[in-house]
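# Understanding the architecture of this molecule
So the chains spell out like this:
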Amino acid sequence: MTRIMIIGAGIGGLTAALSLRAAGLDCVVVEAATALRPLGVGINLQPHAVRELSELGLGERLAAAGLAVTYMTFTDRHGGTILALPRGRAAGYHWPQYSIHRGELQMILLAAVGADNVRLGTRLHDFEQDSGGVTVVLREVATGREYRERADVLVGADGIQSTTRARLHPDGDPLRWSGIQMWRGVGEGDPIMDGATVLVAGSNRSSRIVTYHISPAEPRLINWVAEVKVGEPGTIDQADWSRAGRREDVARHYADWKFPHVDIPSLFASSARILEYPMVDRDPLPFWGEGRVTLLGDAAHPMYPIGSNGGSQAVLDARVLAKWLATEPDPAGALAGYEVERRPPTTQLILGHRALPIEEIVQLVTERAPGGFADIADVLTAEELGRMAAGQHGITDSDVRALNERASWSVR
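Our subject in this report is the structure included herewith. (Residues numbered from 1 in each chain as written. Predicted model: local features only at pLDDT ≥ 70, side-chain atom pairs only at ≥ 80, totals over all residues. Heavy atoms only, no water.)

## Things to note about the sheet that holds strand β10 (residues 133-140)
Spatially, 3 strands are ordered β9-β10-β11 in an open sheet, and the strand pairing comes out antiparallel. Each end of this open sheet is capped by a strand with a single partner; those strands are β9 (122-130) and β11 (146-151). Within this sheet the neighbouring strands show an average axis-to-axis angle of 25°, counted without direction. (Pairing = 2+ DSSP bridges. Helix = DSSP H or I, 4+ residues; strand = E, 2+ residues; numbered from the N terminus. Axes fitted to C-alpha atoms, helices over the stretch in contact; angles between N-to-C directions.)

## Description of the pattern of salt bridges
Within the structure shown, the criterion is met by 28 salt bridges. Ionic pairing is found between R354 and D281, a salt bridge with its closest N-O pair at 3.0 Å. Of this pair, R354 sits in helix α9 (residues 331-354) while D281 sits in strand β18 (residues 274-281); the two residues are 73 residues apart in sequence, bridging distant segments of the chain. Overall, R354 belongs to the partly exposed group, its relative accessible area being 27%. On the basis of relative accessibility, which here comes to 0%, the residue D281 falls in the buried class. The salt bridge involving R401 is made with E405; its shortest N-O contact spans 3.2 Å. Within this pair, R401 and its partner E405 are both found in helix α12 (residues 400-405), separated by 4 residues, close to a single helical turn. For the pair R401 and E405, one class covers both residues: exposed. One network of salt bridges, with partners in common, ties together R51, E52, E55, R319 and R406. (Salt bridge = Lys/Arg side-chain N within 4 Å of Asp/Glu carboxyl O. Buried < 20%, exposed > 50% of the residue type's maximum accessible area, 1.4 Å probe, protein only.)

## Considering unusual backbone geometry
Even without being glycine, M193 reaches a positive phi, approximately 55°. Inspection of the secondary structure assignment puts M193 in the loop between β13 (175-188) and β14 (197-202). Positive phi, normally seen in glycine, also occurs at L356, with a value near 45°. In this fold, L356 is placed in the loop between α9 and α10 (359-368).

## Remarks on the environment of G132
Relative to the elements of secondary structure, G132 occurs in the loop between β9 and β10. Taking the C-alpha atoms as reference, G132 lies 17 Å from C27; in sequence the two are 105 residues apart. G132 has contacts with R150, D152 and R292, leaving out every residue within four places of it along the chain. (Contact = heavy atoms within 4.5 Å.)

## Digging into the nonpolar core
Nonpolar side chains in soluble globular proteins generally cluster together in the buried interior. Formed by 66 residues in total, the largest nonpolar core has its most connected members in I4, M5, I6, L53, L62, L105 and L325. Apart from the residues lying within four places of it in its own chain, the contact partners of L62 are L45, L53, Y98, I100, L105 and I108. In terms of nonpolar packing, the next biggest core, distinct from the first, is built from 36 residues, I306, I376, L380 and L385 among them. (Core = buried A, V, L, I, M, F, W, Y, C linked by side-chain atoms within 4.5 Å.)

## Some details on the packing of aromatic side chains
Per the counting criterion, the structure on display carries 6 aromatic pairs. Taking the centre distance of 5.9 Å and the plane angle of 70° together, the rings of Y254 and F268 count as edge-to-face. Residue Y254 is found in the loop between α6 (247-251) and α7 (264-269), and its partner F268 is found in helix α7; the two are separated by 14 residues along the sequence. For the pair shown, Y254 and F268 are each scored as buried. An aromatic cluster of at least three residues, connected via ring pairs, comprises W224, Y254, W257, F259 and F268. Between R406 and the ring centre of W409, over which it is positioned, the NZ or CZ distance is 3.7 Å. (Phe/Tyr/Trp six-rings, centres within 6.5 Å; stacked < 30°, edge-to-face > 60°. Lys NZ or Arg CZ within 6 Å of the ring centre and 35° of its normal.)

What follows is the structure, encoded as structure tokens:
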């Protein structure tokens, strides 16, 4: 039986393990962290990802832990509604869009995979291939001891700082910074709009804030992301996604906002922990893997987190990978088929996110109505609003009919 080793126990790695096991394949997940706990902040799962997780038997658990989103609403910094896009079932999908705590989602996946199938405290150090498989060099985090293990397939699901990617593409693959600094946290507050809306206010060209509830329970937890343009685009050597941010650093960018939908100062004040990091991606790769080694999720296609689609694309990667490995007897051929199916759409998404597609229209609102507006029809034409909607759909959505009618990717 083909044995697959997955590096990384994030959303993509765990979904891959669950999908492979559902298809009757043997796999193990290797994770550098010495313990997995429900850490992090919020995430949105798009209907195309919710479908896949539901087909893996997680539908009820997602519904209990997440909040089904009704709208994604864009406003100016004064709270005037520019555009409201229906989401999930409200947009015609058979599946909802969920806002959920990333750590809770990871724990749901871990429970389904089984903790015994995840090897903690172990890093990938290197690998080499031959005609019969992959020799993987692993290193214990606690002791530094190195050992070798054989696998038929190696899958790097080890995130944007992927060691697997660095070994496959050693000739320069820098982080590309947008010039935007991000702060994130989870606070508490009253229901935003209808209580199930993803609210996006302001502009990436100056300052923007995204808020959404991540739990149906009380108290109402609000995930927030503040995005502030602080420099010009360029490359950086590294980024620390666990770096603590200072409340005063982010708050000063919103001190003059008059915003009716969310009490921004109180939201910042109620957040026990604030994270700070740059908005980065990497250039699309000309190929993901070689032979019996491939990439998945952020290791393959890190993209700006502006389309609520990074985690969802990792779920799709995992499902397509399992489909190919379960139906194509040659492991290298299966990985080649997986890449042919998944690399083009994710490359398009990287470039689409990088273009910040709605910012041109939001900037028009700022220029034409700097003090706010009563009716967006007085500020933007129908054609301009249509361009804005199309830009957001392009980095977020699947075709409704195609998703609803597509045959299942499950292999039994």
